[in-house]
Amino acid sequence: MKVLLVDDSNTMRRIQKNQLAGVGIGDVVEAVDGQDAMVKLQNFMPIDVVLLDWNMPVMDGMTFLKQVRTDDKYKDVKVIMCTSESEKGKVLEALKAGANDYMVKPFTPEALKKKLGL
Amino acid sequence: MDVAYVNPFIKSTINAFKTMLDIEVTPGEPVLKKTSEHCYDVSGIIGLSGSAQGAIALSFPKMMALKIVSKLLEQEVKVVGPELSDGIGELTNIVAGSAKAELAAATNHTLSISLPNVVVGKNHSVTRPSGIPGILVPFSSPMGDFGMEVSLKTT
């Protein structure tokens, strides 16, 4: 499984990368914002899963998600929003925009494993 | 400011430390902050806007902030630098994000949060705009004592 990890926080990327390593996933591509993620997605396909932060500078997670879902070649890429935005309205907004799943930070390695279907 | 507005921030601070750092933090008695007392070395600050306006700040002694970020990164961080700022900023972001959802559910206040800012400096103090009251909650933990301050003006 190849994962694209998108978060502007280096700390959060490191935490999630360590969590992914803990569940046996070492094939991880990192991006610092939505714009960077668009480039990485294009360059590193096939990507199986995108772990996507919401609030980021330059291009936020929602804008990235909407762009990805307009492109048919990414239709099989699973997008999981990983964000501190936990209101029901935000969850529904993300799912409506094409997110496959939603995780509220902070989450445990066990929760991540479950969301990844491992 | 209604003290009830502070409870979601206390709860989310406890939860963030438990989930991210596996440590139990204990809140002390909240106090109304009249001056800029209670100084620390590193503060993560996030602005709150929407149907209420203000900010939340998590403030730590330098050594505690270094210990926190070292644990988050699973790698020892010895100096104050970008890693420290990013780690404390992200911890504050998670506390604020989680609290605003709970606040919305409890009080119908819908808030937006800013990207985190981190202030580093020995014995700095966090002030707030005049007219916006601040409540300071001292916390104790096995890593040391720290402060969480919420200032919120409801309209």
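The structure presented is a predicted model; accordingly, all values stated were derived computationally and were not measured.

Cut-offs used in this document
- Residues numbered from 1 in each chain as written.
- Chains lettered and ligands numbered in written order.
- Predicted model: local features only at pLDDT ≥ 70, side-chain atom pairs only at ≥ 80, totals over all residues.
- pLDDT = per-residue confidence, 0-100.
- Helix = DSSP H or I, 4+ residues; strand = E, 2+ residues; numbered from the N terminus.
- Core = buried A, V, L, I, M, F, W, Y, C linked by C-beta atoms within 7 Å.
- Buried ≥ 20, exposed ≤ 12 C-beta atoms within 10 Å, placed from the backbone.
- Contact = placed C-beta atoms within 7 Å.
- Pairing = 2+ DSSP bridges.
- Axes fitted to C-alpha atoms, helices over the stretch in contact; angles between N-to-C directions.

Caption draft 1: Main features of the confidence of the model for chain A. Scored by pLDDT, chain A has a mean of 93; 100% of the residues are at 70 or more. Per-element confidence in chain A ranges from a low mean pLDDT of 89 for helix α4 (residues 88-96) of chain A to a high of 98 for strand β2 (residues 28-31) of chain A.

Caption draft 2: A look at the nonpolar core. Counting 45 residues, the largest nonpolar core has Phe9(B), Ile56(B), Ala65(B), Leu91(B) and Val95(B) as its most contacted members. Here the element with the most residues in this core is helix α3 (residues 82-107) of chain B; it accounts for 10 residues. For Ala65(B), the residues in contact, after removing those within four places along its chain, are Asp41(B), Val42(B), Phe60(B), Leu84(B) and Ile88(B). Judged by nonpolar contacts, the second largest core, of 24 residues, contains Val49(A), Trp54(A), Met81(A) and Tyr102(A).

Caption draft 3: Structural context of the pairing of strand β3 (residues 40-50) of chain B. Residue and element names in this part refer to chain B. Here β3 pairs with strand β6 (residues 117-124) via five bridges, running antiparallel. The residue bridging Val42 from the neighbouring strand is Val120, located in β6. Bridge count between β3 and strand β4 (residues 52-60): seven bridges; the pairing is antiparallel. Opposite Ile46, over in β4, you have Ile56 as the bridge partner. Here β3 folds back onto β4, and the loop between the two strands holds one residue. Of the pairings in the sheet, the one linking β3 to strand β5 (residues 111-113) comprises three bridges and is antiparallel in character.

Caption draft 4: Representation of the environment of Ile14(B) in the model. Residues and elements named next belong to chain B. Checked against the element boundaries, Ile14 lands in helix α1 (residues 7-21). Residue classification places Ile14 among the partly exposed positions, given that 17 C-beta atoms sit within 10 Å. Distance in space between the C-alpha atoms of Ile14 and Phe139 is 9.4 Å, their sequence separation being 125 residues.

Caption draft 5: A look at the sheet that holds β2(A). Residue and element names in this part refer to chain A. With respect to topology, five strands assemble into an open sheet ordered β2-β1-β3-β4-β5, the strand pairing being parallel. The open sheet terminates on both sides in strands that have one partner only, identified here as β2 and β5 (101-104). Each strand axis lies, on average, 20 degrees off the axis of its neighbour in the sheet, ignoring direction. Summarising the sheet, strand β1 (residues 3-6) and β2 pair through four bridges and their orientation is parallel. Within the sheet, the bridge partner assigned to Leu5 lies in β2 and is Glu30. Together, β1, β2 and β3 (49-52) form the strand contacts of helix α1 (residues 10-22), whose direction differs from that of β1 by roughly 155 degrees.

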